[in-house]
Amino acid sequence: MAYSLQQSPGEYTPVFNPLTFVTRETDTAITSAANFRYLCEVLVGGSVVAKLKAPIRYGSANNEAVFNITEILASYVGTDFTPPSAAAIARQPRITEWSARFGYENGTVPTETTGVVNFNNKFSWAACLPIYDYPTFQVADYLTASGGTAGAKFLNTIRRRRVQPSELHTLHALFGTDTANKVFEFKAYGPTGTLLDTETKTHTYASTADRLLAVDCTFEDVGFSVGWPDVSYYTVQCWPSGFTGKASEVYRFDLYQECSKYEPVTLHFLNTLGGFDSYTFTKRTVERLTAEKKTYQADPFNYTAGAYSYDLKTGGVQNFNTSITEEWELNTDWLTDDEVLLIKQLEFSPVVYMGSNWASLEKVVLPGTEFERRYNRDGLVQYTVRMRRALVDRRQRL
């Protein structure tokens, strides 16, 4: 018997892209037996959560079968965001550890043989790479690990941000299988590039759930000893403790301050890399309320002793159930080409929160179904985004 995996996913995989195995058994005495089928068991948390069976794929010259476990694992990987408290680091629920066992069944009365090949201790996180990018996607480009290469990217859409001191922002880092604590280093710089202050935050490793972390990068939360306008920009970098030579990219935030007569609105949204980005709308916001009213026709007459007549106060059409949907029209500032990518990600993100405080985020939805990439001659454009609050308000029910 020679059972093997001809194709298998890597150690870290984006869960919403194909997770496929190609299996082969070369012993024809096994594959030609009655009722032969390949077997795949998927395990999460050490327990079998699914068992798949597949016949030899039609047309396969090598008696192979194909298993795709994407939909199974996607059910065990969350898409929610666990916000860090101010100046803190938070583990994220959007990653899971899993294994797979392979075997077969055959015989007149089919008998299962499991665990012929084991595929253990793999990780999938809530990324969904665009179909055109996935074939060339390299996990190593985003995996900060003691055994990896230096310069791994954060799971954020663009590589540099322009922000105001009070704007909420996070960076999301994917870490390797080492059990070291995770270090995040913040550095503040003056206008001429002079280093003004360094702050270091450490996340204590506890379990495999610490593979995906979010760190609060809000300037006013970091704890620098100097503030705006003395600080012109600040950077963030992370690494497994003891492995500074394997540190991530240096992510830069450029500071600016703008006075606006409008109340800022900050949205936090899941991106295709499985991290969360944030964008603050600082221009005019238009609020629109849409009501759905259910009515009935009340008797326009009123009966009293000895009289039956029109009653203008109680008769006629009555609203007995009113629900109210609140929608906002948000307008961006002038955007660079890179910043436009944030709006593109936001428009189609399945998970969006609103809030200017990590402790009080609110779930919202974006009903838009189209996005037009625009270019102006000077390289700056503005966008309008429609946002709907997820909770429907109500009035008194009659």
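Everything here concerns the structure above.
Described below are features of the structure shown in this document. (Residues numbered from 1 in each chain as written. Predicted model: local features only at pLDDT ≥ 70, side-chain atom pairs only at ≥ 80, totals over all residues. Heavy atoms only, no water.)

**Here's the deal with the sheet that holds strand S1 (residues 3–7)**
- Read across the open sheet, the 3 strands follow the order S1-S3-S6; overall the sheet is antiparallel. The sheet is open, and its two edges are formed by S1 and strand S6 (64–68), each paired on a single side. Between one strand and the next, the sheet's axes are offset by a mean angle of 30°, whatever the strand orientation.
- In this sheet, strand S3 (residues 20–25) lies alongside S1 in antiparallel orientation, the contact comprising 4 bridges. Paired with Gln 7 across the two strands is Val 22, which belongs to S3. (Pairing = 2+ DSSP bridges. Helix = DSSP H or I, 4+ residues; strand = E, 2+ residues; numbered from the N terminus. Axes fitted to C-alpha atoms, helices over the stretch in contact; angles between N-to-C directions.)

**Considering the pattern of salt bridges**
- This structure, assessed with the given rule, holds 19 salt bridges.
- We note a salt bridge from Glu 41 to Arg 101, for which the minimum N-O separation is 3.1 Å. Of this pair, Glu 41 sits in strand S4 (residues 37–44) while Arg 101 is found in strand S8 (residues 95–106), placing the two residues 60 residues apart along the sequence.
- Given the relative accessible area of 28%, Arg 101 is considered partly exposed.
- Two residues, Glu 249 and Arg 159, come together in a salt bridge whose shortest N-O distance is 2.9 Å. One end of the pair, Glu 249, is in the loop between strand S16 (233–240) and strand S17 (251–255); the other, Arg 159, is in the loop between strand S10 (143–144) and strand S11 (160–163), with 90 residues separating them in the sequence.
- The class for Arg 159 is partly exposed, based on a relative accessible area of 28%.
- Shared partners join several salt bridges into a network, and the residues in it are Arg 37, Glu 41, Lys 51, Lys 53, Arg 101, Glu 105 and Glu 112. (Salt bridge = Lys/Arg side-chain N within 4 Å of Asp/Glu carboxyl O. Buried < 20%, exposed > 50% of the residue type's maximum accessible area, 1.4 Å probe, protein only.)

**Notes on the side chain of Lys 122**
- Inspection of the secondary structure assignment puts Lys 122 in strand S9 (residues 111–125).
- The charged side chain of Lys 122 is buried without a salt bridge, its nearest counter-charge being Glu 11 at 5.4 Å.
- If we ignore the near neighbours within four places in the chain, the residues touching Lys 122 are Gly 10, Glu 11, Thr 96, Glu 97 and Trp 98. (Lys, Arg positive; Asp, Glu negative; His and termini not counted. Contact = heavy atoms within 4.5 Å.)

**Quick look at the pairing of strand S19 (residues 276–281)**
- Burial within S19 is extensive, with 6 of its 6 residues counted as buried.
- Burial along S19 is two-sided: Phe 276, Ser 278 and Thr 280 and Asp 277, Tyr 279 and Phe 281, pointing in opposite directions, are all buried.
- For strand S18 (residues 265–270) and S19, the ladder comprises 6 bridges, and the chain directions are antiparallel. In the sheet register, Leu 270 faces S19, and the bridge partner there is Phe 276.
- Connecting the antiparallel pair S18 and S19 is a turn made up of 5 residues, with Gly 274 showing a positive phi of about 90°.

**As for the environment of Asn 321**
- Following the sequence through the fold, Asn 321 ends up in strand S23 (residues 316–331).
- For Asn 321 and Gln 396, which are 75 residues apart along the polypeptide, the C-alpha to C-alpha distance reads 7.2 Å.
- Within the local environment of Asn 321, its side chain forms a polar contact with the side chain of Arg 394, the two groups lying 2.7 Å apart. (Polar contact = N/O pair within 3.5 Å; in protein donor to acceptor, adjacent residues only side chain to side chain.)

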